[in-house]
Number of protein chains: 2
Amino acid sequence: MAKPGFLRLCICLIVIPGLLVWAQSDPLPSWNDTASKKTIIAFVEKVTKEGSPDFVPLSQRIATFDNDGTLWIEQPMYVQMAFILDRVKQLAPGHPDWKTTQPFRGVLDGDMKAVVATGEQGLMQLMAATHAGMTVEQFHNIVTDWLATARDRKFNRPYNECVYQPMVELLNYLRGNGFKTYIVSGGGVEFMRPWTEKAYGIPPEQVVGSSIKTKFQMVNGKPELMRLPEINFIDDQEGKPVAINQFIGRRPIAAFGNSDGDQQMLEWTAAGDGPRLILLVHHTDAVREYAYDRQSSFGKLDKALDEANARGWVVVDMKNDWKVIFSPPQ
Amino acid sequence: MAKPGFLRLCICLIVIPGLLVWAQSDPLPSWNDTASKKTIIAFVEKVTKEGSPDFVPLSQRIATFDNDGTLWIEQPMYVQMAFILDRVKQLAPGHPDWKTTQPFRGVLDGDMKAVVATGEQGLMQLMAATHAGMTVEQFHNIVTDWLATARDRKFNRPYNECVYQPMVELLNYLRGNGFKTYIVSGGGVEFMRPWTEKAYGIPPEQVVGSSIKTKFQMVNGKPELMRLPEINFIDDQEGKPVAINQFIGRRPIAAFGNSDGDQQMLEWTAAGDGPRLILLVHHTDAVREYAYDRQSSFGKLDKALDEANARGWVVVDMKNDWKVIFSPPQ
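It should be emphasised that the depicted structure is a prediction, and the values quoted were computed from it without experimental measurement. Each chain carries its own residue numbering, running from 1 in the written order of its sequence. Labels follow written order: the first chain is A, the first ligand is 1, and so on. Confidence filtering applies because this is a predicted model: local features only for residues at pLDDT of at least 70, side-chain atom pairs given and counted only at 80 or more, and all residues used for totals across whole chains, interfaces and linings. To obtain the side-chain values, all non-hydrogen atoms of the structure were included, while hydrogens and water were left out.

A. Empty space enclosed by the protein, seen in detail. Space inside and on the surface of the protein is sampled on a 1 Å grid over the protein atoms alone, with a cavity defined as a set of points where a 1.4 Å probe fits but cannot get out and a pocket as an open set with protein on both sides within 12 Å along at least 5 of 7 lines; lining residues have an atom within 4 Å of a point. Grid points are joined across faces, edges and corners, and a volume is the space filled by probe spheres set on the points. Within the structure shown, the criterion is met by four cavities of 30 Å³ or more. Estimates place the volume of the largest cavity at around 80 Å³. What lines the largest cavity is a set of 13 residues, among which E205 and F247 of chain A together with Y182, E205 and F247 of chain B lie closest to the centre. Each helix corresponds to a stretch of at least 4 residues labelled H or I by DSSP, and each strand to a stretch of at least 2 residues labelled E; elements are numbered beginning at the N terminus. Elements with a contribution of two residues or more to the lining of the largest cavity: strand 3 (207-219) of chain A together with strand 3 (207-219) and helix 10 (239-248) of chain B. Polar here means any residue outside two lists: the nonpolar Ala, Val, Leu, Ile, Met, Phe, Trp, Tyr, Cys and Pro, and the charged Asp, Glu, Lys and Arg; Gly therefore counts as polar. Of the residues in the lining of the largest cavity, the class split is nine nonpolar, no polar and four charged.

What follows is the structure, given as structure tokens:
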């Protein structure tokens, strides 16, 4: 008969290394072991298994991710909106008329109702004042400088640290299995490119987004790309599959979103032949992040949620599927 | 005293293996050993040498190539124009009115003067008739089918074999040294994507070009991208640096063109910090291909040639720099 101590040692010797091996090989450690995680892993194993009827060649392993609300936070407003508000305040000393003119006055007074009342035209004025009239390099630097100091108020962290750790693991997991990962976001492409490589491992050339027009010009013999106060492309809703076709030229086999703005991208991806992974992040965690869906001003999830339920797409329940929300402080 | 035969053997034993090693390690075997080749190789060795002040990290090794006249032929007309003419003839039985209406009548009668006389509006009508009104998949198949049977008349080869072997070697050489190679062409992006991977090793997502608008629509519950008869973007001249910024989001460190349409891309590339390789292909070989530059209707090379000479960019003299023009028959 083995003594209890010896037995305990035996169990430890067997169980602990097993757990260690499991922990090391778990590609999604921040995900609870629920159906969402199992579906993701089953999909990746299926499409990467050579000889399997579901095998997908490397070149076709394209995965597209929405950004706001899918990879980083979008409440209480889109981060790019926070940038616009901060930037107006920063530039205000050079524009005394803003004190009396909407939508600028509303921004300076913190009167968002007045800003919203100016509608699309007001938003365009804010965009023009904060996003245009400089070269692409200058705008890159403005965004980089802002991100270095701006903080999300609820979490008191830089915005580019308010990214979802489980999604970062998912990006790494897909890339580790030969996927090319893209952002396809309604956000401004040049607002994202300065920081996506560090935050997500996604290089500038794999970021697709909304854009304003730019103009090539020679200034003192030096070529410049000047940003113009004119919309070029809105990468949202029907625009997402259009942009995927225009920028990537292949249909993804996996697509990830969180709102009705992503519905057409998910539909376009789902409609291809062969295995597909279609996933919506559902914000259900009012304690650790936010809980919102059908009534939200930012990231409204209504029709796409119905379609996901009807078609059996993965709907991530943040509260129950994710062990942690954000990456640990850096 | 060694006998002459023994001496010859010794020389052979020394020289031939040396030549073999050299031939095996020559990354550009179809290039003569002229200044153009030396400049290319010196640039690549410089930017890939770790610890060198000119070293460029992998992620920034972006090279952009024009297509028409830089990677494949563009005489006696752009290949895409040959596609349009063939396609009009193919579709004509379903359009009896084309027999009497310009610009279609001119195409059917082989009267290119009449076609040209219809100007930009006529060209748009031809584009609309041949490039729009079908889904992106349908257009992909139309292009693929056409390329399978169409032949360049001068060389009696499929167009996608009328690609310049020295440039294909250059693409491979750059990729072998960690470069990401892109096409940035005035040609239609969806006209190029079906065949660039096989011809050049450039995947669809690294092809940037001109485009018409597409529309996302649901047809019997199935999402489609329908091609519309409306210009979206002209990727030529000032459009090239604009597109590079929009699609790639990084400034290339090497750029390759052959006409004034590439001048702004070359200027934009040249204006970045650090080492740059800027190259123009000059069509100087009337016997093996074509000789043309300042007066040509297709691929006019005038201002860009002056700038290249003034700034010391590489100007490839096809006749003297290239041992062969096209790849061997497949």
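From this point, things continue past the structure.
B. Expanded view of the side chain of E190 of chain B. Note that E190 of chain B resides in helix 9 (residues 189-200). Relative accessible area serves as the criterion here: at 15%, E190 of chain B is assigned to the buried category. Polar contacts involving the side chain of E190 of chain B include one to the side chain of N245 of chain A, which spans 3.0 Å. We call two residues contacting when some pair of their heavy atoms lies within 4.5 Å. Leaving out residues up to four positions away in the same chain, E190 of chain B has contacts with N245 of chain A together with V136, F139, V143, T214 and R227 of chain B. Exposure is judged per residue with a 1.4 Å probe applied to protein chains only, and the accessible area is read against the type maximum: over 50% gives exposed, under 20% gives buried, and values in between give partly exposed. Nitrogen and oxygen atoms within 3.5 Å of one another constitute a polar contact, given that in protein one can donate a hydrogen and the other can accept it, and given that sequence-neighbouring residues count only through two side-chain atoms.

C. Inspection of the interface of chain B and chain A at higher detail. The interface of chain B with chain A comprises 34 residues on the first partner and 34 residues on the second. By convention, the term buried area covers the 1.4 Å-probe accessible surface removed from two parts as they join, with the contributions of both added. Contact with chain A buries surface across chain B, with E205, F216 and Q246 of chain B losing the most and accounting together for 21% of the total. One side-chain nitrogen of Lys or Arg within 4 Å of one carboxyl oxygen of Asp or Glu is enough to make a salt bridge. In this structure, the connection of chain B to chain A is made through eight salt bridges. We note a salt bridge from E205 of chain B to K180 of chain A, for which the minimum N-O separation is 3.0 Å. On the surface where chain B and chain A come into contact, there are 18 residue pairs in polar contact (both at pLDDT 80 or more). Those elements that provide at least two residues to the side of chain B that touches chain A are helix 7 (136-149), strand 2 (180-188), helix 9, strand 3, strand 4 (222-233), helix 10 and helix 11 (263-270) of chain B. Considering every element that reaches the side of chain B that touches chain A, the biggest residue donor is helix 10 of chain B, with six residues. Broken down by class, the residue content of the side of chain B that touches chain A amounts to 15 nonpolar, eight polar and 11 charged.

D. Up close: the packing of aromatic side chains. To pair, rings of Phe, Tyr and Trp, with the six-membered ring standing in for Trp, must have centres within 6.5 Å; the planes then decide the type, stacked if under 30 degrees apart, edge-to-face if over 60, and tilted in the middle. Counting across every chain of the model gives 33 aromatic pairs over all chains. Measuring from centroid to centroid gives 6.3 Å for F43 of chain A and F179 of chain A, while their planes differ by 50 degrees, and the two rings are tilted. Placement of F43 of chain A in helix 2 (residues 35-48) and of F179 of chain A in the loop between helix 8 (165-176) and strand 2 (180-188) is noted, with a sequence separation of 136 residues between them. For F43 of chain A, a relative accessible area of 3% gives the class buried. Here W72 of chain B and W195 of chain B contribute two aromatic rings whose centre-to-centre distance is 4.2 Å and whose plane-to-plane angle is 20 degrees, an arrangement assigned as stacked. Of this pair, W72 of chain B sits in the loop between strand 1 (62-65) and helix 3 (79-91) while W195 of chain B sits in helix 9, and the two are 123 residues apart along the sequence. Classification of W195 of chain B as buried rests on a relative accessible area of 3%. What links up through ring pairs into an aromatic cluster is the set W31, F155, Y164, Y290, W322 and F326 of chain A.

E. Representation of the packing of helix 7 of chain B against helix 9 of chain B within the structure. All names here are of chain B. The N-to-C vectors of helix 7 and helix 9 enclose an angle of 60 degrees; their axes lie 9 Å apart at closest approach. In this view, helix 7 runs oblique relative to helix 9, as classed from their interaxial angle. Both helix 7 and helix 9 take part in a crossing whose hand is right-handed. Across from V136, F139, H140, V143, T144, W146 and L147 in helix 7, the residues of helix 9 making contact are E190, F191, P194 and W195. In terms of residue class, the contact of helix 7 with helix 9 is built from eight nonpolar, two polar and one charged. To get an axis, a line is fitted to the C-alpha atoms, and for a helix only the part in contact is used. The angle between two axes follows their N-to-C directions and goes from 0 to 180 degrees. Should an angle fall under 35 degrees it is taken as roughly parallel, and over 145 as roughly antiparallel, whereas 65 to 115 is taken as roughly perpendicular and any remaining angle as oblique. For any pair of crossing helices, the crossing counts as left-handed if the nearer helix is rotated counterclockwise from the farther one by less than a right angle, and right-handed if it is rotated clockwise.

F. Highlighting the side chain of H282 of chain B. Tracing the backbone shows H282 of chain B in strand 6 (residues 277-284). Polar side-chain contacts of H282 of chain B include one of 2.8 Å to the side chain of D293 of chain B.

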